[in-house]
Amino acid sequence: MVNSLRTKLSMSYVIAAVIIVFLINALTNLFVVEHFREYVNENQQLRNKEIVATLAAQYKGNDNWNIDSVASIGESYLINGIIIKVKDINGKTLWDAKEHNNGMCQQIIEHMAANSNGIAGSKEAKYTEVPYSLYNNLNKVGVVEIGTYGPNYLNEHDKAFIDAFNNVLIGVGLFSLVFALILGWIMSRWLSSPISRVISAAKSISKGYYSERISRRSNTTEINELTSTVNQLAESLEKQEALRKRLTGDVAHELRTPLATLQSHMEAMIDGIWEADAERLKSCHEEIVRISKMVGDLEKLTKYEGDKPVLDKELFDIAELAKRLIQNFESQFLNKGLNIEFIGDSTEINADRDKISQVIINLLSNALKYTPEGGLVQVVIKSDPNAVILAIKDNGPGIPGEDLPYIFERFYRADKSRNRLTGGSGIGLTISKAIVAAHGGSIGVQSSPDTGTEFTVTLPKQKA
């Protein structure tokens, strides 16, 4: 069963209140009531001492008692709900409340039984008559038996206090439950409202409305982070959607031109306008090769960006590999009037040699295309205990800042005016990024009009 956040928060507050009230009641009965029991017992003992002292004062000496006073005292205590029986030293009964008014005594005993369980945790008790000795000048002159109903007997005032105390606890418990329910509802609404806005925005984004944003801020850090994340997601999706549309257009453009050329050439030869000689067939073949290369590059990219790209790793010297590839480009750099230099020492790395070669070739090709005559291209290899850093830097015109975040996207071209003859297929950097990512590394770019462009590849120096 799935419940809303409001329901769960409200229920959590109610459950917390129930637990707290239960603990308060348990602790109260454990500590407060225990002390109250001691207080009641102390009061009973003080009362009994008062009875003993009052009766002992009625002794006249020589086994003589003021019988009228004893009877008067016994009657007054009986009226107050205390049953006593007074005997002299010889065991002769001087006054007995039961003999005086047995019916009233039975009512008092029944009342004691009803009030004896007024304290929580009290055990079952029965009526007993506790004897107390009467002394006159340190001489025992008699005995008074005081009726009691165990140590937990409560008089009317004690019972009223216990009832009031329990009513307060019940009232506090009910108030806590109502307060917890109201507070839970307020808090759940306070928390769920911004989350509801996030849900609404997320639904709009899922339907393709990528311009949706959550503008209202919350005073809860986590909710602000959530709304910020959703806004960033929407912005990213909006950019990706724009890139996707641009990619579709770029792919169509890249394919349309060679296909249109092929179509026009083939139609001209079919119609007899052109003769199907070797030169024209060669031109058509070049266009077919160009299309095949683009499709091949896309297949490579799909393979490198797969969930588990296959890497044929081996231990090799990346500096030696870079030097050999530089030599392969040397004539092209000389023909364009460019200088190229290598900086670095021998460094071994455990990686796929062919795929790392593809990365270096792609970066050297870019540097060759966009470095003006008389420029300089540097290939630098550095290493630390954990990684190898390959940097290829030129002093060309640089890449505009607004294009840098998208330079590794498929078919993205910072120079919108360049054609496919100088720009290639437009996915070389995308392939390079996929290869580096498959090795667990990273590739980045820094560029400015003053210093040119520098691509940096960081590869983990894994042991074989």
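For the structure itself, consult the block above.
What counts and how
- Residues numbered from 1 in each chain as written.
- Predicted model: local features only at pLDDT ≥ 70, side-chain atom pairs only at ≥ 80, totals over all residues.
- Heavy atoms only, no water.
- Pairing = 2+ DSSP bridges.
- Helix = DSSP H or I, 4+ residues; strand = E, 2+ residues; numbered from the N terminus.
- Axes fitted to C-alpha atoms, helices over the stretch in contact; angles between N-to-C directions.
- Contact = heavy atoms within 4.5 Å.
- Buried < 20%, exposed > 50% of the residue type's maximum accessible area, 1.4 Å probe, protein only.
- Core = buried A, V, L, I, M, F, W, Y, C linked by side-chain atoms within 4.5 Å.
- Polar contact = N/O pair within 3.5 Å; in protein donor to acceptor, adjacent residues only side chain to side chain.
- Phe/Tyr/Trp six-rings, centres within 6.5 Å; stacked < 30°, edge-to-face > 60°.
- Salt bridge = Lys/Arg side-chain N within 4 Å of Asp/Glu carboxyl O.

Pairing within the open sheet is antiparallel, and its 4 strands lie in the order β4-β3-β6-β5. Every interior strand has two partners, whereas the edge strands, β4 (93-96) and β5 (128-136), have only one. In this sheet, neighbouring strand axes are inclined to one another by 15 degrees on average, regardless of whether the strands run parallel or antiparallel. Bridging between strand β3 (residues 84-88) and β4 involves 3 bridges; their strand directions are antiparallel. In the sheet register, Lys87 faces β4, and the bridge partner there is Thr93. The strands that helix α2 (residues 67-79) touches are β3 and β4; relative to β4, the one it contacts most, it runs at about 25 degrees.

The next subject is the pairing of strand β6 (residues 139-148). With 8 of 10 residues buried, β6 lies mostly within the body of the structure. Where β5 and β6 come together, 9 bridges link them in antiparallel fashion. From the neighbouring strand, Tyr132 faces β6, where its bridge partner is Val144. Between β5 and the antiparallel strand that follows it, β6, lie 2 residues; Asn137 among them carries a positive phi value of about 55 degrees.

A general feature of soluble globular proteins is that nonpolar side chains tend to end up buried together. Grouped together as the largest cluster of nonpolar side chains are 38 residues, with contacts concentrated most on Ile318, Ile356, Ile360, Leu364 and Val457. Elements with a contribution of two residues or more to this core: α8 (318-336), β9 (348-352), α9 (353-370), β10 (376-383), β11 (387-394), α11 (428-438), β12 (442-448) and β13 (452-460). Per-element accounting of this core gives the leading share, 8 residues, to α8. Judged by nonpolar contacts, the second largest core, of 27 residues, contains Val52, Ile83, Leu94 and Val144.

Looking now at the side chain of His439. With respect to the element layout, His439 can be found in the loop between α11 and β12. Since its relative accessible area comes to 4%, His439 is described here as buried. Only 2.9 Å separates the side chain of His439 from the backbone oxygen of Ile435, close enough to count as a polar contact.

Across all of its chains, the model carries 4 aromatic pairs by this definition. Look at Tyr59 and Trp65: their rings are 5.2 Å apart centre to centre, the planes differ by 65 degrees, and that puts the pair in the edge-to-face class. We note that Tyr59, like Trp65, is buried. An angle of 80 degrees between the planes, with centres 6.2 Å apart, marks the rings of Phe408 and Phe455 as edge-to-face. Taken together, the residues Phe408 in the loop between β11 and α10 (420-423) and Phe455 in strand β13 connect sequence positions 47 residues apart.

Quick look at the pattern of salt bridges now. Tallying each qualifying case throughout the model produces 7 salt bridges. Taking the shortest distance from any N to any O, the salt bridge between Glu129 and Lys98 comes out at 3.4 Å. Linking Glu129 in strand β5 with Lys98 in helix α3 (residues 97-100), this pair joins segments that are 31 residues apart in sequence. Glu129 gets classed as partly exposed once you look at its relative accessible area, which sits at 29%. Asp277 is paired through a salt bridge with Arg280; the nearest N and O atoms lie 3.3 Å apart.

Following the sequence through the fold, Leu174 ends up in helix α5 (residues 156-206). Leu174 sits 156 residues away from Val18 along the chain, and the two C-alpha atoms are 9.3 Å apart.

This paragraph deals with the sheet that holds strand β8 (residues 339-344). Strand order in the open sheet formed by 5 strands is β8-β10-β11-β13-β12, and the pairing between neighbours is mixed. Two strands bound the open sheet, and with one partner strand each, they are β8 and β12. Averaged over neighbouring strand pairs, the angle between their axes works out to 15 degrees when direction is ignored. Relative to β11, β10 is paired through 7 bridges, and the arrangement is antiparallel.

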